[in-house]
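# Report on the structure
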Amino acid sequence: MVGLGTLINVACIVGGGLVGLFASSLVTERLQDALMKSCGACVMFVGIAGALEKMLTGLVRTDGTVAFGTADSLMLVASMAVGTVLGEAADLDGRFEGLGTWLRDKTGSNGDARFVDGFVTASLTVCIGAMAIVGSIQDGLTGDYSTLALKGVMDAIIVCAMAASMGKGCAFSALPVGVFQGCVTALATLLHPVMTEAALANLSLVGSVLIFCVGVNLIWPRTFKPANMLPAMVVAAALAFV
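Residues numbered from 1 in each chain as written. Predicted model: local features only at pLDDT ≥ 70, side-chain atom pairs only at ≥ 80, totals over all residues. Heavy atoms only, no water.

Following the sequence through the fold, serine 173 ends up in the loop between helix H7 (146–166) and helix H8 (174–186). According to the relative accessible area criterion, serine 173 is buried, its value standing at 0%. Only 2.6 Å separates the side chain of serine 173 from the backbone oxygen of cysteine 170, close enough to count as a polar contact. (Helix = DSSP H or I, 4+ residues; strand = E, 2+ residues; numbered from the N terminus. Buried < 20%, exposed > 50% of the residue type's maximum accessible area, 1.4 Å probe, protein only. Polar contact = N/O pair within 3.5 Å; in protein donor to acceptor, adjacent residues only side chain to side chain.)

Moving on, we come to the pattern of salt bridges. Here the idea is simple: oppositely charged side chains can pair when their charged atoms come close. Evaluated as defined, the whole model comprises five salt bridges. Of the charged contacts in the structure, one is a salt bridge between aspartate 33 and lysine 37, with a shortest N-O distance of 3.5 Å. Highlighted residues: aspartate 33 and lysine 37, both in helix H2 (residues 29–55), separated by four residues, approximately one helical turn. We classify aspartate 33 as partly exposed; its relative accessible area is 34%. Among the salt bridges present, the one from aspartate 117 reaches arginine 222, with a minimum N-O distance of 3.4 Å. Within this pair, whereas aspartate 117 is found in helix H5 (residues 115–127), its partner arginine 222 is found in the loop between helix H10 (197–219) and helix H11 (226–229), the two being separated by 105 residues in sequence. Overall, aspartate 117 belongs to the partly exposed group, its relative accessible area being 35%. One network of salt bridges, in which partners are shared, links Glu97, Asp117 and Arg222. (Salt bridge = Lys/Arg side-chain N within 4 Å of Asp/Glu carboxyl O.)

With that settled, consider the nonpolar core. Of all hydrophobic cores here, the largest spans 49 residues; its most connected members are Leu76, Met80, Leu124, Met162, Cys170, Val206 and Leu218. The element contributing the most residues to this core is H10, with 10 residues. Apart from residues no more than four positions distant in its own chain, leucine 218 is found in contact with Met36, Cys39, Gly40, Val43, Thr121, Met162 and Met166. (Core = buried A, V, L, I, M, F, W, Y, C linked by side-chain atoms within 4.5 Å. Contact = heavy atoms within 4.5 Å.)

Our focus in this paragraph is the layout of surface pockets. Leftover empty space is mapped by rolling, across the atoms, a probe with the size of a water molecule. The space that makes up the largest pocket amounts to roughly 610 Å³. As for the largest pocket, its lining consists of 25 residues, and the residues nearest its centre are Val46, Ile128, Met131, Met154 and Ile211. Where the lining of the largest pocket is concerned, the elements lending two or more residues are H2, H5, helix H6 (130–142), H7 and H10. When residues in the lining of the largest pocket are grouped by element, the largest group, seven residues, is from H2. Taken together, the residues of the lining of the largest pocket break down into 15 nonpolar, six polar and four charged. In terms of lining residues, the second largest pocket is bounded by 21 residues, among which Ile133, Phe180, Leu230, Met233 and Val234 are the most central. Put simply, the parts of the chain that give the lining of the second largest pocket at least two residues each are helix H4 (92–106), H5, H8 and helix H12 (231–239). Broken down by class, the residue content of the lining of the second largest pocket amounts to 20 nonpolar, one polar and no charged. (1 Å grid on protein atoms, 1.4 Å probe; cavity = no way out; pocket = protein on both sides within 12 Å on 5 of 7 lines; lining within 4 Å. Points joined across faces, edges and corners; volume = space filled by probe spheres on them. Nonpolar A, V, L, I, M, F, W, Y, C, P; charged D, E, K, R; others polar.)

What follows is the structure in structure tokens.
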């Protein structure tokens, strides 16, 4: 069934969030803070690993030694610069927070001071990345939901850890995931020719850098505004055709 992958992904996020909320009632505030920072460190290294995987290149010399270099640095700088300008102009961070505030009010969670931060942080973490786009296109074209099912398991673990330290706002990250991946699945026929190997590589690199920024914010809040950097992913994919 087309769209099953997104449904599985959403269910995994909700399930992970509920488990995390249950766990949060069993741990102290000090332990919740420690858990959030450890989660931030893990998210940072996931982003670093993804970025280095795309940037590092190896060259075998004539003497058998291997020399390493970097690639796509110019593309990364250009994408981040242009994308951030576009994101700041549109105030995407403010819109994300506005959505989080609206959800907090509608769910009667006005007393939860961390609801909005939890929603925004978790949403950005599970929405960013090439896996969401590739998996959704596969689901839309062939009904193959395996990539999104794997992503769902990973997202469940991430959201569980975040919900244990940041509250129930994290579980509501299932909503933007459902909307975003559902739209990509529905438009898979149109997007498939555009998502070339080069475009996906660029998107994955920039997405990894944004994930790193999300991880930094978990340890040092408000250091970055990753939502305002989201257009960088679109710019990166577009630069693959330049």
